[in-house]
Amino acid sequence: MVSRYPVEKGGKYNYKIVIVSSSGKERKTLECAVTVNDILPQAPTNLKAEISDGKVELTWQYPEWSGSYDDLAMQYYVHRKKAGGEYSKLDHFPIIRDALTAPSYIDRWLENGMEYTYFITAVDPLGRQSAGSAELVVIPKDNQPPSQADGLTANPADGVITLSWNMSLELDVEGYNIYRSEGLREDYIKLNGSLIDLEKPSYYDSSIANGVQYFYTVTAMDISGNESRQSNAITALGEDRTPPDPPMNLTYEINDRVLTLTWSASKAKDLSGYYVYRGMSEDIQPKIIHEPFTDTVYADSGYQAEGMTPGKSFWVSLSAVDKSRNESEKISMIIEIPDDVPPISPQGFYAENVSGRYVNISCSASPSLDVASYGILRNAEEIARVYSAPISYRDSSVTKGNRYIYTCVAIDSAGNRSLPGKADTVFVKDTSPPPSPRNIKAIRTEQGIRLKWERVIDFDLVGYNIYRSNIPSGVYEKLNDNPLPPDKYDFLDNGGEITHYYKVKAVDSSGNESKRSKAVHAG
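Just so you know, these numbers come straight off a predicted model, no measurement behind them.

Undergrad: Can you walk me through the overall build of the chain in this structure?
TA: Looking only at helices and strands, the chain has zero helices and 36 strands in total. Relative to the compact-globule value of 24 Å for 523 residues, the chain shows a C-alpha radius of gyration of 51 Å, a clear excess of over 25%. If you line up the chain on its principal axes, its C-alpha atoms span 150 × 100 × 40 Å. By the burial criterion, 38% of the 523 residues in the chain qualify as buried. Counting contacts in the chain only where the partners sit at least 6 residues apart, residues at least 24 apart contribute 60% of the total. As presented, the chain carries roughly 31,100 Å² of accessible surface, and 48% of it is formed by carbon and sulfur atoms. Averaging the locations of the 55 positively and 70 negatively charged side chains of the chain gives two centres separated by 12 Å.

Undergrad: Teacher, can you tell me more about a nonpolar patch on the surface here?
TA: A contiguous nonpolar surface patch, about 240 Å² in accessible area, is contributed by Ile 17, Ile 19 and Leu 30. In this fold, Leu 30 is placed in strand β2 (residues 26-35).

Undergrad: Looking at this model, I keep getting lost on the pairing of strand β27 (residues 381-386). Mind explaining?
TA: Working note: regular strand, side chains alternate between the two faces of the sheet. Relative to β27, strand β26 (residues 371-378) runs antiparallel, the two being bridged by five bridges. The residue bridging Tyr 374 from the neighbouring strand is Val 386, located in β27. In this structure, the hairpin formed by β26 and β27 is closed by a connection of two residues, where Asn 379 is found at a positive phi of approximately 50 degrees.

Undergrad: Please clarify how the sheet that holds β26 should be interpreted in this entry.
TA: Hydrogen bonds between backbone atoms are what pair the strands of a sheet, whose relative direction is either parallel or antiparallel. Read across the open sheet, the four strands follow the order β27-β26-β29-β30; overall the sheet is antiparallel. With one partner strand each, in any of the chains shown, β27 and β30 (424-427) form the two edges of the open sheet. Strand-to-strand twist of the sheet, defined as the mean angle between neighbouring strand axes without regard to direction, takes the value 30 degrees. Bridge count between β26 and strand β29 (residues 403-412): seven bridges; the pairing is antiparallel. The residue bridging Ser 373 from the neighbouring strand is Ile 411, located in β29.

Undergrad: Which parts of the structure should I look at to understand the packing of aromatic side chains?
TA: Describing an aromatic ring pair means giving the distance of the ring centres and the angle of the ring planes. For the structure shown, the criterion picks out nine aromatic pairs. Each ring, one from Phe 293 and one from Tyr 298, has its centre 5.4 Å from the other, and the planes form 80 degrees; the classification is edge-to-face. Judged by centre distance (6.3 Å) and plane angle (45 degrees), the rings of Tyr 404 and Tyr 406 are tilted. Per residue, the accessibility class of Tyr 404 equals that of Tyr 406, and both read buried. Ring-pair connections join several aromatic residues into one group, and the members of that group are Trp 60, Tyr 62 and Tyr 76. Residue placement shows Lys 89 over the ring face of Tyr 77; its charged tip is 3.9 Å from the ring centre.

Undergrad: When you look at the pairing of strand β3 (residues 45-52) in this model, what are you seeing that I'm missing?
TA: Where β3 lies against strand β4 (residues 55-61), six bridges are found, and the strand directions are antiparallel. If you follow Ile 51 over to β4, its bridge partner there is Val 56. Here β3 folds back onto β4 in antiparallel fashion, the turn holding two residues, of which Gly 54 has a positive phi close to 65 degrees.

Undergrad: Explain the sheet that holds strand β8 (residues 116-123) here, please?
TA: Ordered in space as β6-β5-β8-β9, the four strands form an open sheet in which the pairing is antiparallel. Only two strands of the sheet have a single neighbouring strand rather than two, namely β6 (88-96) and β9 (136-138). Each strand axis lies, on average, 30 degrees off the axis of its neighbour in the sheet, ignoring direction. Where strand β5 (residues 75-82) lies against β6, five bridges are found, and the strand directions are antiparallel. By the bridge assignment, Arg 80 is partnered in β6 with Ser 88.

Undergrad: Is there a simple way to explain the environment of Leu 318 in this structure?
TA: With respect to the helices and strands, Leu 318 occurs in strand β22 (residues 313-322). Sequence separation between Leu 318 and Lys 287 is 31 residues; the distance between their C-alpha atoms is 9.5 Å. For Leu 318, the residues in contact, after removing those within four places along its chain, are Pro 247, Leu 250, Trp 263, Tyr 274, Tyr 275, Val 276, Glu 329, Lys 330 and Ile 331.

Undergrad: Quick question: what am I supposed to make of the environment of Ser 362 here?
TA: Of note, Ser 362 is situated in strand β25 (residues 358-363). Residue classification places Ser 362 among the partly exposed residues on the basis of a relative accessible area of 34%. A sequence separation of 13 residues divides Ser 362 from Phe 349, and the C-alpha atoms of the two residues are 5.9 Å apart. Other than its neighbours up to four places away in sequence, Ser 362 contacts Gly 348, Phe 349, Tyr 350 and Ile 391.

Undergrad: Explanation requested: the pattern of salt bridges in the structure shown.
TA: Opposite charge on two side chains permits pairing when their charged atoms draw close. In this structure the tally under the stated criterion is 14 salt bridges. Between Glu 291 and Arg 325 there is a salt bridge whose closest N-O contact spans 3.3 Å. Placement of the pair is Glu 291 in the loop between β20 (271-279) and β21 (297-300) and Arg 325 in the loop between β22 and β23 (331-336), with a sequence separation of 34 residues. Here Arg 325 falls in the partly exposed class, since its relative accessible area comes to 49%. A salt bridge links Lys 400 to Asp 460; its shortest N-O distance comes to 2.5 Å. Residue Lys 400 is located in the loop between β28 (391-395) and β29, and its partner Asp 460 is located in the loop between β32 (448-452) and β33 (461-469); the two are separated by 60 residues in the primary sequence. Residue classification places Lys 400 among the buried residues on the basis of a relative accessible area of 18%. Taking relative accessible area as the criterion, Asp 460 reaches 7% and is therefore assigned buried. Each of Glu 382, Arg 385 and Arg 417 takes part in a single network of salt bridges with overlapping partners.

Quick notes on the rules
Residues numbered from 1 in each chain as written. Predicted model: local features only at pLDDT ≥ 70, side-chain atom pairs only at ≥ 80, totals over all residues. Heavy atoms only, no water. Helix = DSSP H or I, 4+ residues; strand = E, 2+ residues; numbered from the N terminus. Rg over C-alpha atoms; globule rule 2.2 N^0.38 Å. Buried < 20%, exposed > 50% of the residue type's maximum accessible area, 1.4 Å probe, protein only. Contact = heavy atoms within 4.5 Å. Areas by Shrake-Rupley, 256 points an atom, 1.4 Å probe, with all protein chains shown as cover. Lys, Arg positive; Asp, Glu negative; His and termini not counted. Charge placed at Lys NZ, Arg CZ, Asp CG, Glu CD. Patch = residues over 30% accessible without salt bridge, like charges linked within 9 Å, V, L, I, M, F, W, Y side chains within 5 Å. Salt bridge = Lys/Arg side-chain N within 4 Å of Asp/Glu carboxyl O. Pairing = 2+ DSSP bridges. Axes fitted to C-alpha atoms, helices over the stretch in contact; angles between N-to-C directions. Phe/Tyr/Trp six-rings, centres within 6.5 Å; stacked < 30°, edge-to-face > 60°. Lys NZ or Arg CZ within 6 Å of the ring centre and 35° of its normal.

Right, dumping it as structure tokens:
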């Protein structure tokens, strides 16, 4: 380790180095006098590297100390950078200059395939560094072969031997090679052109001759191209276990919830029939025909012949079987049974007029589980579509004075619509009466009693009603069948007498009449 204390150029200093054992006993003492000058330590030379898996061992040369105080280099710095990066000093531990051994440094935990560049500098007791050595570019690589593959087994059939083995668990294994020989003392020849997939440790050797004994071994290959030792050899003899050709062109039809499968026959000469499979997933399909079926058409009526369930989907598969009970590969397809059953109508429907401005609609959910949406109907026409229940909807497009019939339907994921649920009729009106007419006057004329009043201002005014009675507090009879227009402010009662009393009331679009009306007469 280098200690740094202030020094002056041209100054002379005495240094003493004591070598101490692990027990603290002084073993050796070195003393020297040093004059501070501008001479830097020499740069290391002949930088070399020994490359291995994730590791580089660096060595370099440096002159032995000749006794001159101009070359008091005490330790070395190792500088490293990645490709495209900046240099950094590797100073995890000091590298002390040792006259007995050649200087070296081991750089571990490197990334294989990555380019690294190194140079070395020498450092004197004053902490001054030499110029850098020549740069050295290295690329660590994996040169350790993976473990031997194991578990190799062979399954012979007619014209083919299926080989399988345990998948390698080493992280850098990329795949496998399979080798074959016709004798234990014969050379092994690699069979696969490209590397066998790591996750599919199997191989089909279809280049065999029946009746010939073969020997097989397998090796593992890692991503760096290192190949393991060959596995223990196994032997296999080709035999006749060839499955038939599979059927082709599988199609289906659905009528009245009965599934009818149709296919083209297998070309196998020793065909016995076909197996039919059905299940909820492609991986799990129980066999629904346990003895080979000889026809090329099969009708499936579902569980206990009750028909296929509407709206459900499932997988069906078909295979050919020969007379030796060898089964072909399956051909599969997914079947979707049309949903033709409408959902149950929504429950608990209610519609309410709110001040003649809008209608609030509430509705509970349908009990059916496949409901995707709800349609809100007004006078048998859909005005809104909602996608969750219970439903709360506001119809703001109503007009006061109109009567509306509301209901709701449920719509399932297949588009089937339920029957309309409970209907509710709403008459849209407000409950606030318009202002009462003011300054009502009754004037006697030759034609009768003429009434006049001031115009009433209200946003939904539709007109005025005229009432007459024989006494001020009596029962008033309405004289007009329909409200007078809102822009008409007088009325002639041809049968009116001076003894009659009159009231004029304003009417809005909801049929509300003004409350107060002072009785007037022409007396």
